[in-house]
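The residues making up each chain are set out below.
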Amino acid sequence: MNQVGRDIPRLEVRAKVTGRADYTHNLRLPGMLYGKVFRATVPHGRIRCIETGAARAVPGVQCVVTGEDIRKLIAEPYYGPAFHDQPILALDKVRHVGEPVAVVLASDPHVAEHAAQLIDAEYQELPAVYDEVAAMQPDIVVHDMLKPAGTFADLKHLKGRTGTNIALDFHLRRGDVDAALARAERVIEHTFKTQQCLHLAFEPFVAVADPGDGVLTIHTSNQTPSFVRTEIARLFGWPENRVRVKVPYLGGGFGAKVYVKLEALVSALALLVRRPVKIALTMEEQFYMITKHPTTFRIKSGVGKDGRVVARACEVYWNGGAYADIGPRVTQKSGFTAPGPYDIENINIDSYALYTNRTPAGALRGFGIPQLVWAYESHTDLIARELGIDPIDFRRKNILHQNRPQASGTPMTDAAIAKVLDAIAARLAWNKKLDRGSGTVRRGRGVAIGFKASISPTTSVAIVNVAADGSTTLYTSTVDMGQGSDTAFAQIAAEVLDFKAEDIRIVHPDTDVTPYDMGTLGSRSLFHMGNAVRLAAEDARAKLQALAAQAGLPEGTNYPPAEVFKKRFGMQAGNVIGAASFVPTYKSPDAQTGLSDNVTPFWMVGGAGAEVEVDTETGDVRVLRLVNAVDCGKPINPGVARTQLSGAAIMQLGFTLSEAMQLDAGQVTNASLADYKIPGIRDVPPMENELVEAEQHTGPFGAKGLGESGTFGVSPAIANAIHDAVGVRIMELPITAEVVFRALRAQQGRPLEDA
Amino acid sequence: MMRTINFTLNGQPVSTAIEPHRNLVELLQRFDLFGARESCGQGLCGCCTVLVDDMAVSGCLYFAVWVDGKSVTTVEHLDAEGSLSVVQQAFIDCGAFQCGFCTPGFVLMTHQLLKAYPNPSDDDIRHYLSGNLCRCAAYPEIIEAVKLAARR
Ligand code: FES
Ligand code: FES
């Protein structure tokens, strides 16, 4: 019925425009207590004592809970997807400012908040490390001992090291880089850096735990309900069926709300006090939960006479903050794409996940890729300039084509790199000369392209339930946080079953009801769960046909399901349940070389082109035009896909031009929307968004994920355009007017003194 | 120390006792209205937008007791007659949101915007809605939605 490819509005639009959409934020349960977290004020220190007496004495306070109280309930109260390194509340040591140390519980949130301010903690302060490169030395060690979690198949190789801040080091060796660099016509080397920034979903982290009677129910704003269930059950030593995790709509996620965030804390508290407990963070507290990795990337390339890159060496240092979260996977999964979408024979990659005394870092829309593209596409532009080759031509000469092996050895199949590049060049009318401005206002343009591997090996399970009247319900644990997964899955199931997408109902994640899914992250849902939904719908279709045969209906005729049920059961009765799992194949990278010919089930490709205007008197950068293009295969819902592309690009524009967490002696000094500037409606430049024509042959109806692809090229495209306009190169994000002005003054030989 | 306040809530006269430190968002939650949401808590994002005597206010910074004797309208009232408002429908038709957390604020501000500027230019829209933020960055679609609503 051509349900796929239709531009239908999201299924939940009415609930959202009327303010009635269900968010965890709205939930209140009878007898519920509110928790307010008391947080560490030092970046690194041994806990000497926690004074809670004054807080306990506040009328209305139910109790004050510290890490030691949690330890009485759970002997080893540490959690994490890669390492079991994060205590539910600080134990013995604190490792970053803002780390949860104690919680006040009260039935009035204001009382809890007031009482939390009366808690006092004393620490024996320890020296702290903030910089990822400095953390390579074991002078200051954040964790005495590392405890690998062993949960995920792709992280089974992590080691229990001591005396180091390196949570994971990933190394890839392909060809002979040293020899190729020695032979190269030119060797060019740069170091790029990115800043710490964060997701800032408008629904701040919130979770409610209901201790129940033998079954603990957790209502949470989380992207990984299945993981939460597994991890909470592990902490308590329970079977999974004693934990129920429910997730309604999310007010934004962007990778912040993956794995366990508040869930272990509210669960432990609810079991301690035997009452439901809710913790809802403030916007300020989000700055102490999870962030995006700051990075340092040293990149060195050898180039031949013909303008081909013959060798590339990449050293990437990921600043993971105090707890590893999913940083080790970022280090490895993103790490092997560090040389960029280029066909290079000799490659070395050394990628390090480091602990420091900052707010932890994890996944943020792109899973490390935007940090890498920032470096390799700035570097690519600089090489093209040095060689005097047009930057588009230089890229065309070097990009990976269909089925050529990427650095890891996995072929680039169904990755429309050349098409994305061509689309951007065409829209920018790259062949035409640009009006470069005059006087103090100069114009320039730049492009950048990037790519990403999807996550593997992972499992997604879907159930399609056709009721006796033919109406259909779809059960998945995918979380719709605005990306439109509910709608896309309805379209996929409807396409298979020959129904109308709008008539299919989606049941939101409830681990008592919806089957396992690895998580809503890394743009994996449309491909992985989308395939599971397609298979489950095919299963249901086959069962409906079997039912028709049993009912004696002639084969090949298309009876509506309601008639089939009626005929078979004599009335409106029965169900058909289609179910399926989707698990793509995977080969772990070789322990020695880091190579694998099957590291990902599909590739994402995204790029951007920018035209900018720079005011040489102020350093102010105005983006005159931003072109975004991605390969999303055959889009299931082009309208929703385009808004994903646009939203990702604007978000990345914030990370490019303004957003940065400011740190002073480990304290975040701009932890509010007033001081941390995200893009507003006036900051959106004229934009064009293009879904290039492509097909992912292994995807559901040719589709693949794209929620992150729009972020890839934005930052370097703008830096390249600034260079083009005024001849200065920015090596570190964000690119504020001050940064550009300082670079301009340095270029004129009149550098400004440091502030 | 409770204070009793009387006000009109979405067309109905109501009365309640509330402490003076609570804000308008908390007051509305007591009436099971969750469309006004506290996000930044600083008057910067507009997620908590509520109309008080037909003027948009930030519910996070507006004390509950201030509505005494006034008329309060929330997003939940816009379809009281059964059908969506023109603005709501335009937001749907233009896909002007993703997660939807900011949407009630944008919808209410757009109602006020269209009263002030029945035929707004892009600049009018950007200026008027600059006090509302959207982390999903549905801004281009929001601008389209406002223009569509104005045309209708
Ligand atoms: S919560 Fe009130 S303006 Fe942001
Ligand atoms: S739609 Fe998510 S914040 Fe606006």
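Note that the structure is a prediction, hence the values are computed from the model and not measured.

All names here are of chain A. Taking 1.5 Å of rise per residue, the 13 residues of helix H12 (residues 485-497) would be expected to cover 18 Å, and the 18 Å separating its terminal C-alpha atoms lies within 8% of that figure. Along H12, 12 of the 13 residues are buried, which leaves the element largely enclosed by surrounding structure. By the burial criterion, the buried members of H12 are Ser485, Asp486, Thr487, Ala488, Phe489, Ala490, Gln491, Ile492, Ala493, Ala494, Val496 and Leu497. Tucked inside the fold, the buried residues of H12 contact strand E22 (460-467), strand E23 (472-475), strand E24 (505-507) and helix H13 (525-550). The first or second residue beyond H12 is Asp498, which carries a positive phi of 65°.

All names here are of chain A. Reading across the sheet, the 4 strands line up as E24-E23-E22-E25 and stay open at both edges, with mixed pairing between neighbours. Where the open sheet ends on each side, the last strands, each with one partner, are E24 and strand E25 (575-582). Each adjacent strand pair in this sheet contributes to an overall mean axis angle of 20°, direction not counted. Bridging between E22 and E23 involves 4 bridges; their strand directions are antiparallel. Following the sheet pairing, Val466 is matched in E23 by Thr472. This element, H13, spans E22, E23 and E25 of the sheet and lies at about 145° to E25.

Here 7 bridges tie strand E1 (residues 3-9) of chain B to strand E2 (residues 12-18) of chain B, and the two strands are oriented antiparallel to one another. The partner of Thr4 of chain B across the bridge, within E2 of chain B, is Ala17 of chain B.

Residues and elements named next belong to chain B. As far as domains go, chain B holds domain 1 (3-74) and domain 2 (84-151). Each of domain 1 and domain 2 was reduced to a C-alpha centroid, and the two centroids are 22 Å apart. Of the residues lining the interface, 14 residues belong to domain 1; the matching set on domain 2 comes to 12 residues. Note on domain 1 versus domain 2: buried area summed over both sides is about 1000 Å², and carbon and sulfur give 59% of it. By the criterion of area lost to domain 2, the three top residues of domain 1 are Arg37, Cys47 and Thr49, representing 39% of everything that side buries.

The next thing to look at is the domain arrangement of chain A. All names here are of chain A. Partitioning chain A into domains gives domain 1 (13-20 + 456-582), domain 2 (28-127 + 199-288) and domain 3 (295-455 + 591-754). One C-alpha centre belongs to domain 1, the other to domain 3; they are set 37 Å apart. Counting each side, the surface lost to burial between domain 1 and domain 3 is near 1700 Å², with a carbon and sulfur contribution of 66%. Its largest share of buried area at the contact with domain 3, domain 1 owes to Ser456, Ser523 and Phe527, together 37% of the area lost on that side. Applying the counting rule to domain 1 against domain 3 returns 0 salt bridges. The interface formed by domain 1 and domain 3 contains 7 residue pairs in polar contact (both at pLDDT 80 or more). If you list the elements that add at least two residues to the side of domain 1 that touches domain 3, you get H12 and H13.

Glancing now at the packing of aromatic side chains. Within the structure shown, the criterion is met by 16 aromatic pairs over all chains. Geometrically, the ring pair formed by Tyr23 of chain A and Phe101 of chain B is edge-to-face, given 5.1 Å between the ring centres and 85° between the ring planes. Of this pair, Tyr23 of chain A sits in the loop between helix H1 (13-17) and strand E1 (33-39) while Phe101 of chain B sits in the loop between helix H2 (86-93) and helix H3 (103-116), on two different chains. In terms of burial, Tyr23 of chain A and Phe101 of chain B fall into one category: buried. On the basis of an interplanar angle of 35° and a centroid distance of 4.5 Å, the ring pair of Phe527 of chain A and Phe602 of chain A is categorised as tilted. Of this pair, Phe527 of chain A sits in helix H13 while Phe602 of chain A sits in the loop between E25 and strand E26 (603-615), and the two are 75 residues apart along the sequence. This pair shows no difference in class: Phe527 of chain A is buried, exactly as Phe602 of chain A is. These aromatic residues form a ring-pair network of at least three members: Phe152, Phe227 and Tyr259 of chain A.

On to the sheet that holds strand E10 (residues 186-194) of chain A, then. All names here are of chain A. Read across the open sheet, the 5 strands follow the order E9-E18-E17-E16-E10; overall the sheet is mixed. Edge positions in the sheet fall to strand E9 (166-174) and E10, since each has one partner strand and no second. Adjacent strand axes in the sheet meet at a mean angle of 5° when their direction is disregarded. Direction of pairing for E10 relative to strand E16 (residues 295-303): antiparallel, over a ladder of 9 bridges. When the bridges of E16 are listed, Arg186 appears paired with Val303. Helix H8 (residues 327-334) rests against E9, strand E17 (309-319) and strand E18 (346-354) of the sheet, and its axis sits at about 10° to E9. Where helix H9 (residues 369-387) meets the sheet, it contacts E10, E16 and E17, and its direction lies at approximately 145° from that of E10.

Among all positions of helix H17 (residues 737-747) of chain A, only Val740, Ala743, Leu744 and Arg745 of chain A are buried. One or two positions beyond H17 of chain A, positive phi appears at Gly749 of chain A, with a value near 75°.

Contacts between the two partners involve 48 residues from chain B, matched on the other side by 49 residues from chain A. For the pairing of chain B and chain A, the buried interface totals around 4000 Å² over both sides, and the portion due to carbon and sulfur atoms is 58%. Inspection of the region where chain B meets chain A yields 5 salt bridges. With a closest N to O distance of 3.0 Å, Asp32 of chain B and Arg28 of chain A form a salt bridge. In this structure, the connection of chain B to chain A is made through 25 residue pairs in polar contact (both at pLDDT 80 or more). Contributions of two or more residues to the side of chain B that touches chain A are made by helix H1 (24-30), H2, H3, helix H4 (122-128) and helix H5 (139-151) of chain B. The dominant element in the side of chain B that touches chain A, judged by the number of residues it contributes, is H5 of chain B, at 4 residues. Counted by class, the side of chain B that touches chain A contains 23 nonpolar, 14 polar and 11 charged residues.

A separate point is the pattern of salt bridges. Residue and element names in this part refer to chain A. All told, the structure shown has 55 salt bridges over all chains when counted by the stated rule. When the shortest N-O distance is used, the salt bridge between Arg443 and Asp435 registers 3.0 Å. For Asp435, a relative accessible area of 53% gives the class exposed. Across the pair Lys704 and Asp631 runs a salt bridge whose closest N-O atoms are separated by 2.9 Å. Placement of Lys704 in the loop between strand E30 (687-691) and helix H16 (714-726) and of Asp631 in strand E27 (residues 621-631) is noted, with a sequence separation of 73 residues between them.

Residues and elements named next belong to chain A. By the element assignment, Phe287 lies in the loop between strand E14 (277-280) and strand E15 (291-292). As for Phe287 and Gly98, which are separated by 189 residues in sequence, their C-alpha atoms are 8.3 Å apart. For Phe287, the residues in contact, after removing those within four places along its chain, are Leu198, Leu200, Thr359, Met661, Val668, Asn670, Ala671, Ser672 and Tyr676.

In this section: the environment of Gln89 of chain B. Residues and elements named next belong to chain B. Position of Gln89 relative to the elements: it lies in helix H2. For the pair Gln89 and Pro13, spaced 76 residues apart in sequence, the C-alpha separation works out to 28 Å. With sequence-adjacent residues up to four places away left out, Gln89 is seen in contact with Leu84 and Arg152.

Now for the packing of H13 of chain A against helix H14 (residues 561-569) of chain A. Residue and element names in this part refer to chain A. Two elements in contact, H13 and H14, have axes whose closest approach is 9 Å; the angle formed by their N-to-C orientations is 45°. Between H13 and H14, the angle falls in the class oblique. The two elements H13 and H14 meet at a crossing, and its hand is left-handed. For the pair H13 and H14, contact is made by Leu544, Leu547, Ala548 and Gln550 and by Pro561, Val564, Phe565, Arg568 and Phe569, respectively. Of the residues in the contact of H13 with H14, the class split is 7 nonpolar, 1 polar and 1 charged.

Now for unusual backbone geometry. Residues and elements named next belong to chain A. A cis amide bond links Ser456 to the next residue, Pro457, at an omega of -5°. Mapped onto the secondary structure, Pro457 falls in the loop between strand E21 (441-453) and E22. At the junction of Leu733 and Pro734, the peptide bond is cis and its omega measures out at 0° in the coordinates. Along the chain, Pro734 turns up in the loop between H16 and H17. In this structure, Tyr259 takes a positive phi of about 60° despite not being glycine. One non-glycine residue with positive phi stands out, namely Ser523, at about 55°. Among the structural elements, Ser523 can be located in the loop between E24 and H13. Look at Ser523 and you get buried, because its relative accessible area is 14%.

Thresholds, definitions, all that
- Residues numbered from 1 in each chain as written.
- Chains lettered and ligands numbered in written order.
- Predicted model: local features only at pLDDT ≥ 70, side-chain atom pairs only at ≥ 80, totals over all residues.
- Heavy atoms only, no water.
- Helix = DSSP H or I, 4+ residues; strand = E, 2+ residues; numbered from the N terminus.
- Expected span 1.5 Å × (residues − 1).
- Buried < 20%, exposed > 50% of the residue type's maximum accessible area, 1.4 Å probe, protein only.
- Contact = heavy atoms within 4.5 Å.
- Pairing = 2+ DSSP bridges.
- Axes fitted to C-alpha atoms, helices over the stretch in contact; angles between N-to-C directions.
- Domains from an automatic or database assignment.
- Buried area = accessible area lost by both parts, 1.4 Å probe.
- Salt bridge = Lys/Arg side-chain N within 4 Å of Asp/Glu carboxyl O.
- Polar contact = N/O pair within 3.5 Å; in protein donor to acceptor, adjacent residues only side chain to side chain.
- Phe/Tyr/Trp six-rings, centres within 6.5 Å; stacked < 30°, edge-to-face > 60°.
- Nonpolar A, V, L, I, M, F, W, Y, C, P; charged D, E, K, R; others polar.
- Parallel < 35°, antiparallel > 145°, perpendicular 65-115°, else oblique.
- Left-handed = near helix turned anticlockwise from the far one by under 90°.

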